[in-house]
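Each chain, written out:
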Amino acid sequence: MWRLARDSGSLDLNTSYAYLLFARDFPETCRIIEVDGEPAGFVLGYRRQSEPETYFVWQVAVSDEYRGQRLGLRLLEDFAADARYLEATITADNTASQRLFSSFARHRGATLNRRDMFSADHFPDDHDAEGLVRIGPMRTTTQDATFNPDTDTDTNTDADETEIRPMSTVELESQVRSYSRSWPISFDRASGATIHDVNGKPYLDFFAGAGALNYGHNHPHLKETLLDYFTSDRVVHSLDMFTPARDDFLATFHDEILTPRNLDYKVVFPGPGGANAVEAALKLARKVTGRESVVNFTNAFHGMTLAALSVTGNAMKRGGAGLPLVHATPMPYDDYFDGDVPDFIYLERLLGDEGGGLNEPAAVIVETVQGEGGLNAARMEWLRKLSDLCKKHDVLLIVDDIQMGVGRTGSFFSFEEAGIVPDIITLSKSLSGYGLPMAVTLIRPELDIWAPGEHNGTFRGIGPAFATAAESIRTFWRDDALRDTTVARGLQVESRFNRLVAEHQEHQLVAKGRGMARGLQFSSGDLADKVTTAAFERGLLAETSGPEGEVVKLLPPLTMTDEEFERGMTILEESVTDTLQANPADKTKEFATS
Ligand SMILES: Cc1ncc(COP(=O)(O)O)c(C=O)c1O
């Protein structure tokens, strides 16, 4: 131990007896790593008694001879396999340790926070100030079979670095990635409502590509369509050139979706993603009306491009823009004031008031259920009133149906139940039916004023997506079976959520949503996160949404079997109950306000 401390070149040798005492008294959290039978490094630490999920690293040392082999990282991985948080104190000039802990945080997909702890005044000699590094929350690697397989023995020094591959590309990608932080494993195969990690472990997928997989993963019939498309060398990329696949989609969409609903829209292909459809909608509304201002709603989400962000509520997401987001006026969404104030008073008054100061809006953009905003479902009468208000004031109504359309709430379009007819509709996510990129902006024929090429883009004609989109419409929308199942299952989720609300009254849970877009709101994002983590550990993927991530969100494939539905709901209920039992209500309140 002494020799190692000496060879590490950075540890205080006078206190090396303390290393031995640590190793003796905290054997569970002290590790030594050997290379060819020789000690090459150690980590000493302990589990915080008052906070057993936090592991504190007292010392980590790697002999000079073995530097560059990432032994430090492997020691930490082994040491902290069961930890949710890892802490250490580091001096500002100890760049090797700073690098090591940063690298560890990246490997575990966790956030690293630093704060001052002991200033230099605390030390009699010229010891530098010690800052506290805290990493977490992390998933425990012992619960994740795919993660870092070389950590189960600290003497396994023959292990090639590639053995920690599932996480090694993490360093190549920007830290902006987000979903892989909730589920820090590598997914490989998927079918229906099940997705498998690289080791073959199955997870029930109640996230469904954030609503892009309403018909599940790799639906067998749509897969056949796709394979056939590829094997017959049909055109994959076509901008807006004519192709049979494009014709087929347009005709099928017109005949099977628009005509039976008595709807008359022209189709704009705006680009492959949802934000493309929103950009096109906002651009066109402004061009048609000659006005620049758009009314949006609190907690709205419309995408990450600049115009889409300007009508999005979430402060964190808006912060990514790097410039002021203008020409949008947020108004309260339905029930924003918890029923205390009629939500329309403000918008209604401003629209009709010469002294109101509201720039005359080109359009109002709205989601019928706010998916990212926390599963807030507008009432039908609110939507009807909004539509009437828009008509009265000659303002275009844009319904962003990117997440709630294509059957998520039951009917193909989520506004059908309200009986309104928007001027512009955006669709994407599940439109292709297979998780392929595809979006449309539907516009009333009178709004079709763009000159040829005035709105354009390279990826507006993706043949395979046209093919699966048309086939999915033929498969699922020629009768009401999918719609009826979705509505019925949605009501089942609602009543099961209501039962949880009643069983855990002290936690003041709120059941939210419509159709198969459902949410359960907790008192804090931390609690909701604990629930989705518990669900993940039991084999269920579900994400959180809402301004603080406080809503556990369910968007399962609409095509799942009854058995999958039952199993997923049971896992979720157990995860909620266990989490709430482990976090009594008064404690969570403290946490929420701290
Ligand atoms: C309602 C709504 N609009 C727009 C978007 C943006 O879609 P995309 O991520 O494909 O750009 C989303 C994405 O979640 C959405 O939910």
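Residues numbered from 1 in each chain as written. Predicted model: local features only at pLDDT ≥ 70, side-chain atom pairs only at ≥ 80, totals over all residues.

What about the overall build of the protein?
A tally of regular secondary structure across the protein gives 19 helices and 23 strands. Radius of gyration (C-alpha) of the protein: 28 Å, near the 25 Å computed for a compact globule of 594 residues. For the C-alpha atoms alone, the extent of the protein along its principal axes is close to 85 × 65 × 50 Å. Burial statistics for the protein: of 594 residues in total, 44% are counted as buried. (Helix = DSSP H or I, 4+ residues; strand = E, 2+ residues; numbered from the N terminus. Rg over C-alpha atoms; globule rule 2.2 N^0.38 Å. Buried ≥ 20, exposed ≤ 12 C-beta atoms within 10 Å, placed from the backbone.)

Quick word on the packing of helix α9 (residues 244-258) against helix α15 (residues 463-476)
In the contact formed by α9 and α15, the axes pass within 8 Å of each other and the chain directions differ by 25°. Here α9 lies roughly parallel to α15, going by the angle between them. Between α9 and α15 lies a crossing of left-handed hand. Each of A245, R246, D248, F249, T252, F253, E256 and I257 in α9 lies in contact with α15, whose residues at this interface are G463, F466, A467, A469, A470, I473 and R474. (Axes fitted to C-alpha atoms, helices over the stretch in contact; angles between N-to-C directions. Parallel < 35°, antiparallel > 145°, perpendicular 65-115°, else oblique. Left-handed = near helix turned anticlockwise from the far one by under 90°. Contact = placed C-beta atoms within 7 Å.)

A few points about unusual backbone geometry
Where the residue is not glycine, phi is negative for most of them; where a peptide bond is considered, it is trans in most cases. Between G136 and the following residue, P137, the backbone shows a cis peptide bond with an omega angle of -5°. Along the chain, the position of P137 falls in the loop between β6 (130-135) and α5 (165-168). Positioned with a positive phi, N299 is a non-glycine residue whose angle comes to about 65°. Assignment of secondary structure puts N299 in the loop between β11 (293-297) and α11 (306-310).

Details of the confidence of the model for the protein
For the protein, the mean per-residue pLDDT works out to 90, and 94% of the residues sit at or above 70. Segment residues 144-167: pLDDT under 50, and 45 contacts once partners within four positions in sequence are set aside and those in other chains are kept. Low pLDDT, under 50, characterises residues 590-594; the stretch is placed with four contacts to residues that sit more than four places away or in other chains. (pLDDT = per-residue confidence, 0-100.)

Structural notes on the sheet that holds strand β23 (residues 551-554)
Read from one edge of the open sheet, four strands run β19-β20-β23-β22, paired in antiparallel fashion. For this open sheet the edge positions go to β19 (510-514) and β22 (543-545), each flanked by a neighbour on one side alone. The average angle at which neighbouring strand axes cross in this sheet is 30°, direction not considered. In the packing of helix α17 (residues 525-537) onto the sheet, contacts are made with β22 and β23, and the angle to β22 comes to roughly 160°. (Pairing = 2+ DSSP bridges.)

Overview of the domain arrangement of the protein
By the assigned domains, the protein splits into domain 1 (2-172), domain 2 (186-218 + 481-593) and domain 3 (252-476). Once you take the C-alpha centre of each, domain 1 and domain 3 turn out to be 50 Å apart. (Domains from an automatic or database assignment.)

Things to note about the nonpolar core
In terms of nonpolar packing, the biggest core is built from 117 residues, with A285, V364, I398, I424 and L540 touching the most fellow members. Here the element with the most residues in this core is helix α10 (residues 274-289); it accounts for nine residues. When we break this core down by domain, the ones giving at least three residues each are domain 2 (186-218 + 481-593) and domain 3 (252-476). Excluding its chain neighbours within four sequence positions, the residues that come into contact with I398 are A281, A285, A363, V364, I365, P422, D423, I424 and T426. Core analysis: the next-biggest nonpolar cluster, separate from the first, contains 34 residues, V62, I90, L100 and V133 among them. (Core = buried A, V, L, I, M, F, W, Y, C linked by C-beta atoms within 7 Å.)

Focus on the sheet that holds β6
An order of β1-β2-β3-β4-β6-β5 is seen for the six strands of this open sheet, with the pairing classed as mixed. Both edges of this open sheet fall to β1 (31-35) and β5 (112-118), since each of them pairs with a single strand only. With direction set aside, neighbouring strand axes in the sheet form an average angle of 25°. As paired elements, β5 and β6 share six bridges and run antiparallel to each other.

Quick word on the site of the ligand
Looking at the ligand, there are 15 residues lining it, with G273, G274, A275, G303 and Q403 nearest. It is α10 that provides the largest number of residues to the shell around the ligand, a total of three residues. A per-class count over the shell around the ligand returns five nonpolar, seven polar and three charged. (Near = placed C-beta within 6 Å. Nonpolar A, V, L, I, M, F, W, Y, C, P; charged D, E, K, R; others polar.)

Overview of α10
Each α-helix winds once per 3.6 residues, and so residues spaced three or four apart point in a common direction. Here α10 spans 23 Å end to end across 16 residues, near enough to the 22 Å set by a 1.5 Å rise per residue. Of all the 16 residues making up α10, twelve are buried; the element is thus mostly covered by neighbouring parts of the structure. Within α10, the full set of buried residues consists of G274, A275, N276, A277, V278, E279, A280, A281, L282, L284, A285 and V288. Taken from the residues just after α10, G290 is the one with a positive phi, measuring 70°. (Expected span 1.5 Å × (residues − 1).)

So, the environment of L250
With respect to the helices and strands, L250 occurs in helix α9. Put simply, L250 and A469 are 219 residues apart on the chain and 9.9 Å apart in space, counted from C-alpha to C-alpha.

Some points on the packing of helix α3 (residues 71-79) against helix α4 (residues 95-107)
Running from amino to carboxyl end, α3 crosses α4 at an angle of 55°, the nearest separation of the two axes being 10 Å. Relative to α4, α3 is oriented oblique. Considering the relative orientation of α3 and α4, their crossing is right-handed. Here G72, L73, L76 and E77 of α3 come into contact with α4, specifically with L100, S103, F104 and H107.

Details of the environment of F207
With respect to the helices, strands and loops of the structure, F207 is situated in the loop between β9 (202-205) and α7 (208-211). Distance in space between the C-alpha atoms of F207 and G373 is 15 Å, their sequence separation being 166 residues.

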